[in-house]
Amino acid sequence: MTTIALAVLVLWVPGGLVALATGLRGWSLASVSPLLTYFVAGVAGPWLWKIGIPFTPVTFCVYTLAVAAVFLWLRRFSRGGEPPSPWTRRADAAVALCLLAAFAVGFVVLFRAMGGDLNAIPQDWDAGYHANGIRYIADTGDGSLYGTSRVNWYELPGGLFYPNAYHLVGSLVYTLGGAPVPAVLNATTVLLPGLLALSLAALVRHFGGRAVTAGATALVAVAATSATYDNLWRGPLLPFTVGLAFTPVLATVLDRYLRRPSPDTGAVLAACAVGLLAVHSSTLFGGILFVLPMLVQRWWGTWSTARRDLVALLPPMAVGGLVAVPHLFGALSVSGNIALVDWPSTFPVSQAVGTLLTFQHVTARPQIWLAVALWIGLFAFRRLAALRWVAGPALLFGAIFVLTASFSQPWVAKATSPWWNDQFRLVALATVPLCVVAGHGVAQVHDLLGRRLRVPLVTSAAALGVLVLLSGGLYVRANEVQAHRAYGYTAREDQSYVVTKNEVLAMQELGGLVKPDERVLNDRNDGSLWMYAIAGVHPVAGHYDGSLESPDVFTLQAHFRDYDTDPKVRAAVQHLNVRYVLIGRGFVREYNRRATGLRDLGGADFLAKVYENEDAVVYRLVGPESAAP
C-alpha cells in the first residue's frame, strides 16, 4: 500500500504545483494535476537527455519548479479568473463521496484481480515492455524517446521511438520507493478507473452539469467493463488507458481557454495536449476527435465565434508544438515503418451496435443496468444542455468501432491504424462519453424519485443506491473476473501462466550470477524477458516482438544448440557476451513453441546446470570458447 500512496503523491504533487501556479483550483486542480505531472515528466526526459542530463527524481523536481515558475510568470499577463462554482458545498461533498467510492471500487476490482498481491505480474504481451522500460530509465537516467526500446532493440543504432511519459513517471515511483517493478506497474493501474471517474466528474461540473449527474457518471465509469478493465487485461494497454482516463480533461481545459483566452489558460491547454502526446501518440489524436463535437456545438450558427476561436488557438498550438518537437519528430520517424495491423472483424453490424448500447463487448453478459441508465439518458438527451455534445464522440468512435468490428476491407484497417485497428481501444473511446449519458439517465431517475421523497439527500442516496444494488455492487465481481485475465491467464485455453513465481525465483538467482556487461540467452516467447525488470539482468531477447531482430540474436534463437560445432553461433555468443541461459516453461501465446536453437539443451556438454526448479532452468556456458574470461 505504501507504493500506491507514493504513486498518488508522484501523480498529484508535481502537477498540482504547476496547476496551482496557473490559478487552477478545486475540481479542475484535482483532475488536471496528474496529466500535468505526465506533461512535465514527458517533456523533461527527452529535453534533459538532449543536453546530457539524466532523468532522476532530483532533476525532475528542478524541472518541475522551473515549469511552475514559468506558469506563475504567465499569470502576470492574464486577465480574469475562474467562474463561480455551479454547485453548492453540499453538492461538492456529495460528488467527492461518489469519487471516493469510485476510486475504492476500481481499487477493489483490480487488487482482487491481482490475487491481493501488488507484486502480481501482468501476463500478456505489453506489460513486459513497460516494466523493462521503467527499470531501464531508473537504471540509466536515459529519458530519451528511444531509451525504453533499447532493452530489446539494443543492436539497432539509435533504438526505436516510443512515447515514454508513463515510464518516466513510473521510474520516479520505482526509484523513490524501491518496490519491485511489477508493484510499480500495479500501483498506477489500480488508480486508473478512479482517474477516469474524476476526469468525467470534473467535465460534467465544468460544463454546468448537475452534481447528481457527475456523481452517477463517476460510478458508471468504474462499473463499465469496456471503459478500462478490458484494456487492463488484454495487453495490458497501460499508456493507452492512462491517456484515455485523461481524454475528458482536454475538453475541460480547451473550453476553459476559449471562454477566457489568456496566457495562463493557454499554457494549461498546451501542457495538457503535450501531456497526452507524451503518454502515447494515439491519445492526443483521440483527444482531438473527442473535442471536435464540443467545438461544433460551440460554433453552431455563430461562425464568427469559430473564426475567433481558431485564431485564439494558434498561440497554444505553436507553443505546444515547439515543446513537443522531439515527440513530433519521433512519431514521424516511425510513421512509415510500422506494419499495418488488421485484427479479424468478428461481429455483425447489429451485434456491434448492440455492444455499445448494452455495455457488452467480450463479457459473457451485458451490463443491463448500465444499459437501462444509458437508454433513459438518451431518451432525455435534450436535458443535457451544454453537455449534449458528448453524444458526438460517442457516435464518432462508436461508428469507427462498428467499422472495425464488422468490416474487413483494407481501407478500414488503414483508416483505424492510429488505434491499430483494435476493437478494444475503439469501444473504450466510445464508452467514455456514453458513461456521461448513462449518468444523466441516473439523474432522471433521481428526479422521478424526488417527486415522492422530497428530501434531496435521501433522493440522491436512493437513486445512486438503486444503481449500486441492481448492478450487484457496480459489477465488481464481473469486472474482477475479467481483469483477472491479466494476472491469471490471457488468451490461452490451457489457462497456463507466462511468468510463474518459480520463474521469478530463477530470474532473481541470475541477478547474483550475471555481471553488468553480460547478457542472458533466453527464449523470446516464454516470458523470460521479465528478467531485466525483476533482477536487472539484460536478456538477449528483451520483448516478444522479434521484428528488426539483429543477425546475432536470430542466430542464437535459431541455432544456439549447435554452439560446439557452429562458429557463427560462438561468434554471436562472444559478441553479445552471453555466459548464462534461462529456459522458462510457459509461452505468451498458446501457439508458441520453444525456439529451435534452445530445444533439448539438457544434454549439451557445453552447458552446466547451475539452478533448476519446477518451471525454470539456468545454465552456464562451460565450453572452451565461452564468453567467460
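If you're wondering where the values come from, they're calculated on a predicted model, not measured in any experiment.

Undergrad: Teacher, can you tell me more about the overall build of the protein chain here?
TA: For the protein chain, the helix and strand inventory stands at 26 helices and five strands. For a compact globule of 629 residues, the expected C-alpha radius of gyration is about 25 Å, and the protein chain comes in at 25 Å, within 12% of that figure. On the principal axes, the C-alpha backbone points of the protein chain span a range of 85 × 55 × 50 Å. Put simply, 75% of the contacts in the protein chain that link residues at least 6 apart link residues at least 24 apart. Of the accessible surface of the protein chain, which amounts to about 24,900 Å², a share of 64% is contributed by carbon and sulfur atoms. Computed over 46 positive and 37 negative side-chain charges, the separation of the two mean positions in the protein chain equals 17 Å.

Undergrad: For this particular structure, what's the right way to read the packing of aromatic side chains?
TA: For any pair of aromatic rings, geometry is given as the distance between the ring centres together with the angle between the planes. Applying the stated criterion across every chain, the model contains 17 aromatic pairs. Taking the centre distance of 5.4 Å and the plane angle of 40° together, the rings of W125 and Y544 count as tilted. On the criterion of sequence distance, the pair formed by W125 in the loop between helix 4 (89-113) and helix 5 (127-140) and Y544 in the loop between strand 2 (538-539) and helix 25 (551-559) is long-range, its members being 419 residues apart. Accessibility expressed as a relative area gives 3% for Y544, which makes it buried. Plain terms: the ring middles of W233 and F424 are 5.9 Å apart, the flat faces sit at 85° to each other, and that makes the pair edge-to-face.

Undergrad: Can you help me understand a nonpolar patch on the surface in this one?
TA: Side chains of V349, V353, L357, I368, W369, W375, L378, F407, V466 and L470 sit close together on the surface and give an oily, nonpolar patch of about 780 Å² of accessible area. Counting residues per element, the ones that place at least two in the nonpolar patch are helix 16 (349-358), helix 17 (368-379) and helix 21 (456-470). Broken down by element, the residue count for the nonpolar patch peaks at four residues, all from helix 17. Looking at the element boundaries, V466 is found in helix 21.

Undergrad: What is the right way to read the sheet that holds strand 1 (residues 519-522) from this model?
TA: Pairing in this open sheet of five strands is mixed, and the strands run 2-1-3-5-4 from one edge to the other. Two strands close off the open sheet at either side, each with one partner strand: strand 2 and strand 4 (607-612). Across the sheet, helix 23 (residues 501-511) lies against strand 1, strand 3 (578-583), strand 4 and strand 5 (617-621), angled at about 170° from strand 3, the strand it touches most.

Undergrad: Where do I start with the environment of W389 in this structure?
TA: Tracing the backbone through its elements, the reader meets W389 in the loop between helix 17 and helix 18 (391-406). Along the backbone, W389 and P293 are 96 residues apart, and their C-alpha atoms lie at a distance of 5.5 Å. For W389, the contacting residues outside a window of four places in its chain are L203, F207, A251, F290, P293, M294 and Q297. Engagement of the side chain of W389 in a polar contact is seen with the backbone oxygen of A386, the distance being 3.4 Å.

Undergrad: Explain the nonpolar core to me, please; I cannot follow it from the model alone.
TA: Here is a general trend for soluble globular proteins: nonpolar side chains tend to be buried in one another's company. Core analysis: the largest hydrophobic core is formed by 182 residues, its most contacted members being Y38, W389, F401, L510, W530 and L582. Ignoring any residue separated from it by four or fewer positions in sequence, one finds L510 in contact with V520, M531, V537, Y580, L582 and V618. By size, the runner-up hydrophobic cluster in this structure holds 23 residues, among which are L556, A572, V617 and L621.

Undergrad: Sorry, what's going on with the side chain of D264 here?
TA: Structurally, the position occupied by D264 is in helix 12 (residues 263-279). Of the residues examined, D264 reaches a relative accessible area of 5% and is grouped as buried. When near neighbours in sequence (up to four residues on either side) are disregarded, D264 contacts T22, L74, R75 and S78.

Undergrad: I keep staring at the pairing of strand 1 and nothing clicks. Help me out?
TA: Moving residue by residue along a regular strand, the side chains alternate between the two faces of the sheet. Neither face of strand 1 is exposed, since R519 and L521 on one face and V520 and N522 on the opposite face are all buried. Here two bridges tie strand 1 to strand 2, and the two strands are oriented parallel to one another. By the bridge assignment, R519 is partnered in strand 2 with H538. Note that strand 1 and strand 3 share four bridges and pair parallel. Bridge pairing links N522 to L582 in strand 3.

Undergrad: When you look at the packing of helix 12 against helix 14 (residues 303-323) in this model, what are you seeing that I'm missing?
TA: Angle between the axes and distance between the axes are the two parameters that describe a pair of packed helices. The contact between helix 12 and helix 14 brings their axes to 9 Å, and the two run at 45°. Taken together, the axis directions place helix 12 and helix 14 in an arrangement best described as oblique. The way helix 12 lies across helix 14 gives a crossing that is right-handed. Side by side, helix 12 and helix 14 meet where G266, L269, A270 and V274 of the first sit next to L313, P316, G320 and V323 of the second. Classifying every residue of the contact of helix 12 with helix 14 by side-chain character gives six nonpolar, two polar and no charged.

Undergrad: How should I be thinking about unusual backbone geometry in this particular structure?
TA: With the exception of glycine, most residues fall at negative phi, and the peptide bonds are largely trans. With an omega of -20°, the peptide bond running from G235 to P236 counts as cis. Mapped onto the fold, P236 is located in the loop between helix 10 (230-233) and helix 11 (238-259). With a phi close to 55°, N421 is a non-glycine residue in the positive phi region. Position of N421 relative to the elements: it lies in the loop between helix 19 (410-415) and helix 20 (423-453). On the accessibility criterion, N421 (1% relative accessible area) is buried. Phi is positive for D600, close to 55°, though the residue is something other than glycine. By secondary structure assignment, the location of D600 is in the loop between strand 3 and strand 4.

Undergrad: Explain the packing of helix 2 (residues 26-50) against helix 8 (residues 192-206) here, please?
TA: Between helix 2 and helix 8, the least distance of the axes is 9 Å, while the angle of their chain directions is 140°. It follows that helix 2 is oblique to helix 8 by the angle criterion. Note that helix 2 runs across helix 8; the crossing there is left-handed. Counting all contacts with helix 2, which are made through W27, A30, S31 and P34, the residues of helix 8 involved are L195, L198, S199, A202 and R205. Of the residues contributing to the contact of helix 2 with helix 8, the split by class is six nonpolar, two polar and one charged.

Undergrad: I keep staring at the environment of G243 and nothing clicks. Help me out?
TA: Summarising the element assignment, G243 is placed in helix 11. Along the primary structure G243 and G287 are separated by 44 residues, whereas in three dimensions their C-alpha atoms are 8.7 Å apart. Not counting residues up to four positions away in its chain, the partners in contact with G243 are L276, V279 and T283.

Thresholds applied
- All residue numbers refer to position in the chain's written sequence, counted from 1.
- Local features in this predicted model are restricted to residues of pLDDT 70 or higher, and side-chain atom pairs are both shown and tallied only at a pLDDT of 80 or more, whereas totals for entire chains, interfaces and linings draw on every residue.
- With hydrogens and water stripped out, all remaining heavy atoms of the structure feed into the side-chain values.
- Under the scheme used here, helices are H or I runs from DSSP no shorter than 4 residues and strands are E runs no shorter than 2 residues, and both carry numbers assigned from the N terminus.
- Only C-alpha atoms enter the radius of gyration, while the globule expectation follows 2.2 Å times N to the 0.38, with N the number of residues.
- Contacts were defined at the residue level, with two residues in contact if any of their heavy atoms lie within 4.5 Å.
- For accessible areas, the Shrake-Rupley method is used with a probe of radius 1.4 Å. Any residue's cover is judged against the shown protein chains and nothing else.
- Positive: Lys, Arg. Negative: Asp, Glu. His and the chain ends are not part of the count.
- To locate a charge, take atom NZ for lysine, CZ for arginine, CG for aspartate or CD for glutamate.
- Aromatic rings from Phe, Tyr and Trp, taking only the six-membered ring of Trp, are treated as a pair when their centres fall within 6.5 Å; an angle between ring planes under 30 degrees marks them as stacked, one over 60 as edge-to-face, and anything in between as tilted.
- Using a 1.4 Å probe on the protein chains alone, a residue whose accessible area is under 20% of its type maximum counts as buried, one over 50% counts as exposed, and one in between counts as partly exposed.
- Here, patches come from residues exposed beyond 30% relative accessible area and free of salt bridges, joined within 9 Å for like charges and within 5 Å for nonpolar side chains (Val, Leu, Ile, Met, Phe, Trp, Tyr).
- One side-chain nitrogen of Lys or Arg within 4 Å of one carboxyl oxygen of Asp or Glu is enough to make a salt bridge.
- A pair of strands counts as paired when DSSP detects no fewer than two bridges linking them.
- To obtain an axis, a line is fitted to C-alpha atoms, over the contacting stretch when the element is a helix, and the angle between two such axes runs from 0 to 180 degrees between their N-to-C directions.
- Polar contact is the term for a pair of N or O atoms within 3.5 Å; when the atoms are in protein, one must be able to donate a hydrogen and the other to accept it, and sequence-neighboring residues count only if both atoms are side-chain atoms.
- In this text, buried Ala, Val, Leu, Ile, Met, Phe, Trp, Tyr and Cys residues form a nonpolar core when linked through side-chain atoms within 4.5 Å.
- Any angle between 65 and 115 degrees counts as roughly perpendicular, while under 35 counts as roughly parallel, over 145 as roughly antiparallel, and the rest as oblique.
- Note on convention: near helix rotated counterclockwise from far helix by under a right angle means a left-handed crossing. Clockwise means right-handed.
- Residues are sorted three ways: Asp, Glu, Lys and Arg are charged, Ala, Val, Leu, Ile, Met, Phe, Trp, Tyr, Cys and Pro are nonpolar, and all the rest, Gly among them, are polar.

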